[in-house]
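# Secondary and tertiary structure notes
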Amino acid sequence: MSTLIAENLTKRYGSGESAVSALGGVSFEAKSGEVVLIMGPSGSGKTTLLLLLGTLLRPTSGRVIINGQETSKLSNHELPRLRLKEIGFVFQHFNLLSALTAEQNVMVPLLAMGISKSAARSKAREFLKRLGLEHRMTSLPQNLSGGEEQRVAIARAMANNPSIILADEPTANLDSKTGHEIVELLRKGAKDENKCVVIVSHDPRIKDIADRIINIEDGRIS
Amino acid sequence: MLLIALRNLFQEKSRLLISVGGVAFAIILMVALFGIYNGAIERDVKFLKESPSDIFVMRKGMTDMYHGVPLVSLTDIERLGQEDGVSKVVPVISLRPGVSDGDTQFSLFVTSFDPTDLSQGPWALTSGTKNITDGEIIIPGSLAKKLGKKLGDTIVFSESAKVWRIAGLVPEASSFGNHYSWITYHAAQDFVEVPGTVSFAYITLFNPSTAAGAAQSLQPKYPQLSLRGKDQLVTEEKKNLGDSFLPILQAILAIAVLIGTAIIGLTIYTATLDKSREVGILKAIGVRNSQLYSIVLTQSMLTTALGLVIGIGLSFGVGWLISNLLDLSFVVTDIALITVVGLAFIMGILASLIPVRRLAFIDPAEVFKS
């Protein structure tokens with residue numbers, strides 16, 4: 001069974017004559033252990049697609065199904081719980097919380113799940129160690145390199161053991177070598193931990209890590 | 001989520017300092033108001049409390065010794081002295097003479113006492129003597145300071161042109177326009193308009209703890225008089241003053257609470273605005289709104305608590321300055337402190353409401369925009 005199903009997704013912003021269509025009828029499926037790369041130029045609708053898959057936007061029509069659960073049927077109170085449990089986000093700008101150390105950033109989703117502080121800390125340490133950041137646990141984001149920040153972000157995304165990782169341009173702010181290391185980590189996560197990884201990017205250098213590439217243009221799969 | 005609240009709060013120390021300072025300022029304002037208010041009331045009843053009396057005797061219809069025409073007959077005083085349980089009855093003549101000193105005009109509340117009876121007269125003096133003679137007067141030290149007078153200088157009663165030599169200075173004896181002063185009973189008799197009467201009298205009992213009951217049982221025998229136990233009179237006087245000044249205090253307290261609320265509210269609000277993106281990240285990750293609200297509330301409460309501790313600490317310093325520089329009494333009661341703590345926490349909760357509202361409207365999708 002597919003972990004993630006996008007079924008005829010459309011998204012229109014605004015209404016009437018001024019309405020803009022960002023996405024028009026996109027459908028695809030992704031399975032556990034699979035890395036799907038969604039590629040397309042700026043303005044093609046790939047970020048809108050990622051927001052819809054991540055339940056941060058509601059589609060104008062169509063459905064997103066995560067582990068058999070239709071997300072459009074969930075209320076605004078239920079969606080955060082689903083995201084916390086099933087989806088890990090990796091952002092283009094890393095988006096770590098500036099006041100928290102690397103370790104504390106990874107602890108955030110665990111604490112939000114209601115895990116005790118000591119258990120969250122030990123789990124965060126384990127993830128950071130796995131990603132080669134054992135020497136950076138108490139560092140604030142401002143003292144980390146771009147690659148280190150993104151690795152902390154990956155650790156945070158994986159902390160709650162979600163079934164889906166959604167990454168938005170994860171290599172955009174990194175040099176070529178570091179960018180490749182990052183996508184390799186995501187691929188490793190997909191393969192070793194059986195996660196469904198969806199990466200949105202326009203970076204052709206990372207094509208080789210994808211199991212499947214979906215090209216999107218003007219809001220449609222091309 | 002306490003972790004995020006704490007780290008966010010202490011990340012920007014200058015903002016925290018301003019916020020805590022603002023709360024502390026509001027707390028100082030509130031504690032100072034309560035301290036001055038309670039101090040003024042305590043000082044006002046000091047004359048009653050320190051009087052050598054278990055029961056006060058006044059003419060019927062009078063509620064205190066400061067207003068109306070005081071006429072108590074010496075015959076009644078003599079009779080009261082014969083009653084069971086009564087140890088002593090002291091007749092007191094009081095007057096309210098106007099005094100002019102250069103451009104300054106004021107009035108005194110003068111009561112008489114017998115200097116040979118050490119239990120009578122003012123409380124402990126700061127300087128001078130209680131053993132005064134007929135031409136001498138004991139006045140409040142603060143009044144003497146205001147007039148630039150010292151022991152041995154004179155003051156003149158305007159109407160009678162009677163000159164008095166200052167023989168003693170008494171502390172904490174000015175309150176609400178009453179400058180408590182003392183002259184001898186003998187000298188005060190010159191001012192008695194109705195012969196055979198005095199203004200009021202003090203009764204001391206063999207057993208002071210029975211004052212309320214004794215006043216009640218004696219009252220029917222003396223329908224032309226009003227007899228009140230000391231505690232009753234002190235309570236009534238406090239209530240009268242409280243009723244007069246409480247609305248003013250409440251209004252100023254409301255202003256203090258508003259200032260504190262505005263300062264904490266603005267600080268937490270700007271902090272929330274600054275952290276909008278991070279709040280969006282938390283929302284995207286799946287942190288619930290209720291958890292985000294708890295972060296804001298925790299920050300607000302911690303700011304309030306810090307301001308409260310610092311504010312209460314500094315309030316006692318301010319109280320010391322008020323007592324020593326302004327000749328005002330400063331009394332902070334437990335009830336006042338509990339009220340301030342309660343108001344502070346209401347302040348903290350109110351201050352978190354606007355930022356919480358703001359949080360609800362932060363769109364997590366914004367995080368994905370550059």
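About the cut-offs
- Residues numbered from 1 in each chain as written.
- Chains lettered and ligands numbered in written order.
- Predicted model: local features only at pLDDT ≥ 70, side-chain atom pairs only at ≥ 80, totals over all residues.
- Helix = DSSP H or I, 4+ residues; strand = E, 2+ residues; numbered from the N terminus.
- Rg over C-alpha atoms; globule rule 2.2 N^0.38 Å.
- Contact = placed C-beta atoms within 7 Å.
- Pairing = 2+ DSSP bridges.
- Buried ≥ 20, exposed ≤ 12 C-beta atoms within 10 Å, placed from the backbone.
- Nonpolar A, V, L, I, M, F, W, Y, C, P; charged D, E, K, R; others polar.
- Core = buried A, V, L, I, M, F, W, Y, C linked by C-beta atoms within 7 Å.
- Axes fitted to C-alpha atoms, helices over the stretch in contact; angles between N-to-C directions.
- Left-handed = near helix turned anticlockwise from the far one by under 90°.
- pLDDT = per-residue confidence, 0-100.
- Arc of directions from axis to C-beta.
- Parallel < 35°, antiparallel > 145°, perpendicular 65-115°, else oblique.

### What to know about the overall build of chain A
Along its length, chain A carries 6 helices and 10 strands. Relative to the 2.2 N^0.38 estimate, which gives 17 Å for 222 residues, the radius of gyration of chain A is 17 Å and therefore close to what a compact globule would have. Sequence-distant contacts in chain A: of pairs separated by 6 or more residues, those separated by 24 or more amount to 71%.

### Quick notes on the sheet that holds strand β8 (residues 196-201) of chain A
Hydrogen bonds along the backbone pair up the strands of a sheet, which may run parallel or antiparallel. Residue and element names in this part refer to chain A. Read across the sheet, 6 strands follow the order β6-β7-β8-β3-β9-β10 without closing on themselves; strand pairing throughout is mixed. Edge positions in the sheet fall to β6 (87-90) and β10 (220-221), since each has one partner strand and no second. Summarising the sheet, strand β9 (residues 212-217) and β10 pair through 2 bridges and their orientation is antiparallel. Bridging from a neighbouring strand, E217 pairs with R220 of β10.

### Considerations on unusual backbone geometry
Of note in this structure, A:N8 is not a glycine but carries a positive phi near 50°. Tracing the sequence through the fold places A:N8 in strand β1 (residues 4-13). Judged by local crowding, A:N8 falls into the exposed class, with 12 C-beta atoms found within 10 Å. Phi is positive for B:E172, close to 50°, though the residue is something other than glycine. Counting through the fold element by element, B:E172 comes out in the loop between β11 (163-170) and β12 (174-175).

### Topic: the environment of B:Q232
With respect to the secondary-structure elements, B:Q232 resides in helix α8 (residues 230-274). Once the C-alpha coordinates of B:Q232 and B:A212 are considered, the two residues, 20 residues apart in sequence, prove to be 7.5 Å apart.

### Brief notes about the pairing of strand β2 (residues 20-30) of chain A
Successive residues of a regular strand alternate their side chains across the two faces of the sheet. All names here are of chain A. Relative to β2, β1 runs antiparallel, the two sharing 8 bridges. Counted as the bridge partner of A6 is F28 from β2. Adjacent in sequence and paired antiparallel, β1 and β2 are bridged by 6 residues, among which G14 carries a positive phi angle near 80°.

### Re the interface of chain A and chain B
Contacts between the two partners involve 20 residues from chain A and, on the opposite side, 18 residues from chain B. Sorting the residues of the side of chain A that touches chain B by element identifies α1 (46-53), α2 (79-86) and α3 (102-112) of chain A as the ones contributing at least two each. Class assignment for the residues of the side of chain A that touches chain B results in 14 nonpolar, 3 polar and 3 charged.

### Notes on the nonpolar core
Of all hydrophobic cores here, the largest spans 115 residues; its most connected members are A:I38, A:L186, A:V198, A:I199, B:I27 and B:M30. Among the elements that line this core, the one with the most residues is helix α2 (residues 13-44) of chain B, at 15 residues. Core analysis: the next-biggest nonpolar cluster, separate from the first, contains 51 residues, B:V110, B:I137, B:A144 and B:I203 among them.

### Here we look at α2(A)
Where α2(A) is concerned, the buried positions are A:L79, A:P80, A:R83, A:L84 and A:E86. The secondary structure elements touched by the buried residues of α2(A) are β4 (61-66), β6, α3 and β7 (164-168) of chain A together with α9 (276-285) of chain B.

### Side note on the environment of A:Q150
Residues and elements named next belong to chain A. Structurally, the position occupied by Q150 is in helix α5 (residues 146-158). On the basis of neighbour count, Q150 is assigned to the buried category, with 30 C-beta atoms found within 10 Å. Measuring from C-alpha to C-alpha, the distance between Q150 and E217 comes to 27 Å, with 67 residues separating the pair along the chain. Leaving out residues up to four positions away in the same chain, Q150 has contacts with F94, P170, L174 and I182.

### Side note on the pairing of strand β16 (residues 225-229) of chain B
Residue and element names in this part refer to chain B. Of all 5 residues in β16, 4 are buried, a share of seventy percent or more. Looking at chain direction, strand β1 (residues 55-59) and β16 are connected through 5 bridges and run antiparallel. Its bridge partner lying in β16, F56 is registered against R228.

### Notes on the packing of helix α10 (residues 289-326) of chain B against helix α11 (residues 334-360) of chain B
All names here are of chain B. Axis separation between α10 and α11 bottoms out at 8 Å; the angle between their running directions is 145°. In terms of crossing hand, the pair formed by α10 and α11 is right-handed. In this structure, α10 contributes N289, L292, Y293, V296, L297, S300, M301, T304 and L308 to the contact, and α11 contributes V341, A344, F345, M347, G348, A351, S352, P355, V356, L359 and A360. Partitioning the contact of α10 with α11 into residue classes produces 15 nonpolar, 5 polar and no charged.

### Regarding the sheet that holds β16(B)
All names here are of chain B. Taken in spatial order, the 4 strands make up an open sheet running β3-β15-β1-β16, and their pairing is antiparallel. Looking at strand neighbours, the two that pair on one side only are β3 (86-92) and β16, the edges of this open sheet. The sheet shows a mean angle of 20° between the axes of neighbouring strands, taken without regard to direction. Of the strand pairs in this sheet, β1 and strand β15 (residues 200-205) are connected by 3 bridges, and their pairing is antiparallel. For F56, the partnering residue across the bridge sits in β15 and is Y202.

### Some points on the confidence of the model for chain B
Detailed reading of the predicted coordinates is not advisable wherever pLDDT falls low. Averaged over all residues, the pLDDT of chain B equals 87, while 98% of them reach at least 70. Interface predicted TM-score (ipTM) for the complex: 0.91; the corresponding pTM is 0.76.

### A few points about the environment of A:K73
Structurally, A:K73 is set in the loop between β5 (69-70) and α2. When the C-alpha positions of A:K73 and A:Q92 are compared, they lie 29 Å apart, and in sequence the two are 19 residues distant.

### Side note on helix α7 (residues 211-218) of chain B
All names here are of chain B. Among the residues of α7, those classed as buried are A211, A214, A215 and L218. Buried residues along α7 cover an arc of 100° about the axis, so they all sit on one side. Looking at the packing, one finds that the buried side of α7 touches β1, β15, β16 and α8.

### Observations regarding the packing of α2(B) against α11(B)
A packed helix pair is summarised by two numbers, namely the angle formed by the two axes and the spacing between the axes. Residues and elements named next belong to chain B. For the pair α2 and α11, the least separation of the axes is 10 Å and the interaxial angle reads 155°. One element, α2, and the other, α11, form an angle in the roughly antiparallel class. For the crossing formed where α2 meets α11, the hand is right-handed. The segment α2 lies against α11, with I27, M30, V31, F34 and N38 engaging A336, V340, L343 and A344.

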